[in-house]
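Letter by letter, the chains look like this.
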Amino acid sequence: MMDRPNYITPAGYAALKAEYDTLFAGERPKLVETISWAAGNGDRSENGDYIYGRKRLREIDRRLGFLSRRMKAAKVVDPARQEDRSRVFFGATVTIADEDDNRRELTLVGDDETDAGKGLIGWNAPLAWALRGAAVGDLRRVTLPGGEREYEVIAVTYP
């Protein structure tokens, strides 16, 4: 079991649900049909459609199990309903500046919806841990793979 809640935004939960529905109601039934057709063709040991289909079916079933567990453990939190908008909590978009005044804008989201290229960092990432509870003007020190860095919180916004 998970030792901490799996926080997720409503959009993140919708994305997990959409992937689950696509696999379960779309891709999986077509694959089962293909496997059934291939099995009826005789010798299965050299039947590429049958062998690949069974392999892909196992992959889909594993992914469906993972998505099901993540959705069951999910605690959907709408950042727009955050009461204290002066501090960094789940769903906040934070502008930070490092020692060289390089600015970055980050949004703290659930671990299932992270995308560093878009500035979406997981709620349990080291930088997110360091920023939790910070207000504008606070300095936070964090140990990253590239070494220890200090960031100043420039702005905090919520949707």
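Residues numbered from 1 in each chain as written. Predicted model: local features only at pLDDT ≥ 70, side-chain atom pairs only at ≥ 80, totals over all residues. Heavy atoms only, no water.

Draft legend 1. Focus on the environment of Phe90. Here Phe90 shows up in the loop between β2 (74-76) and β3 (93-97). Given the relative accessible area of 6%, Phe90 is considered buried. For Phe90 and Arg58, which are 32 residues apart along the polypeptide, the C-alpha to C-alpha distance reads 35 Å. With sequence-adjacent residues up to four places away left out, Phe90 is seen in contact with Tyr7, Ile8, Thr9, Val77, Pro79, Leu108, Val109, Gly110, Glu113, Trp123 and Tyr158. (Helix = DSSP H or I, 4+ residues; strand = E, 2+ residues; numbered from the N terminus. Buried < 20%, exposed > 50% of the residue type's maximum accessible area, 1.4 Å probe, protein only. Contact = heavy atoms within 4.5 Å.)

Draft legend 2. Fine view of the sheet that holds β3. Read from one edge of the open sheet, five strands run β5-β4-β3-β7-β6, paired in mixed fashion. In this open sheet, the two strands that pair with only one neighbour each are β5 (120-122) and β6 (139-144). Along the sheet, successive strands turn relative to each other by an average axial angle of 45°, direction set aside. Where β6 lies against strand β7 (residues 147-157), six bridges are found, and the strand directions are antiparallel. Counted as the bridge partner of Arg141 is Glu150 from β7. (Pairing = 2+ DSSP bridges. Axes fitted to C-alpha atoms, helices over the stretch in contact; angles between N-to-C directions.)

Draft legend 3. Structural detail: the pattern of salt bridges. Enumeration according to the criterion identifies 15 salt bridges in this entry. Across the pair Lys17 and Asp21 runs a salt bridge whose closest N-O atoms are separated by 3.2 Å. Residue Lys17 and its partner Asp21 are both found in helix α1 (residues 10-39); the two are separated by four residues, about one turn of the helix. For Glu148, the salt bridge is made with Arg141, and the minimal N-O distance between the two is 3.2 Å. Glu148 gets classed as partly exposed once you look at its relative accessible area, which sits at 49%. Where salt bridges share partners, they join Glu27, Lys55, Arg56 and Glu59 into one cluster. (Salt bridge = Lys/Arg side-chain N within 4 Å of Asp/Glu carboxyl O.)

Draft legend 4. Structural context of the pairing of β3. Taking burial as the measure, the five residues of β3 include five buried ones, the bulk of the element. Every second residue of β3 is oriented toward a common face, with Thr93, Thr95 and Ala97 on one face and Val94 and Ile96 on the other, all of them buried. Between β3 and strand β4 (residues 103-109), which pair antiparallel one after the other, the connecting turn spans five residues, and Asp101 there sits at a positive phi close to 65°. Across five bridges, the pairing between β3 and β7 is antiparallel. Opposite Thr95, over in β7, you have Ala155 as the bridge partner.

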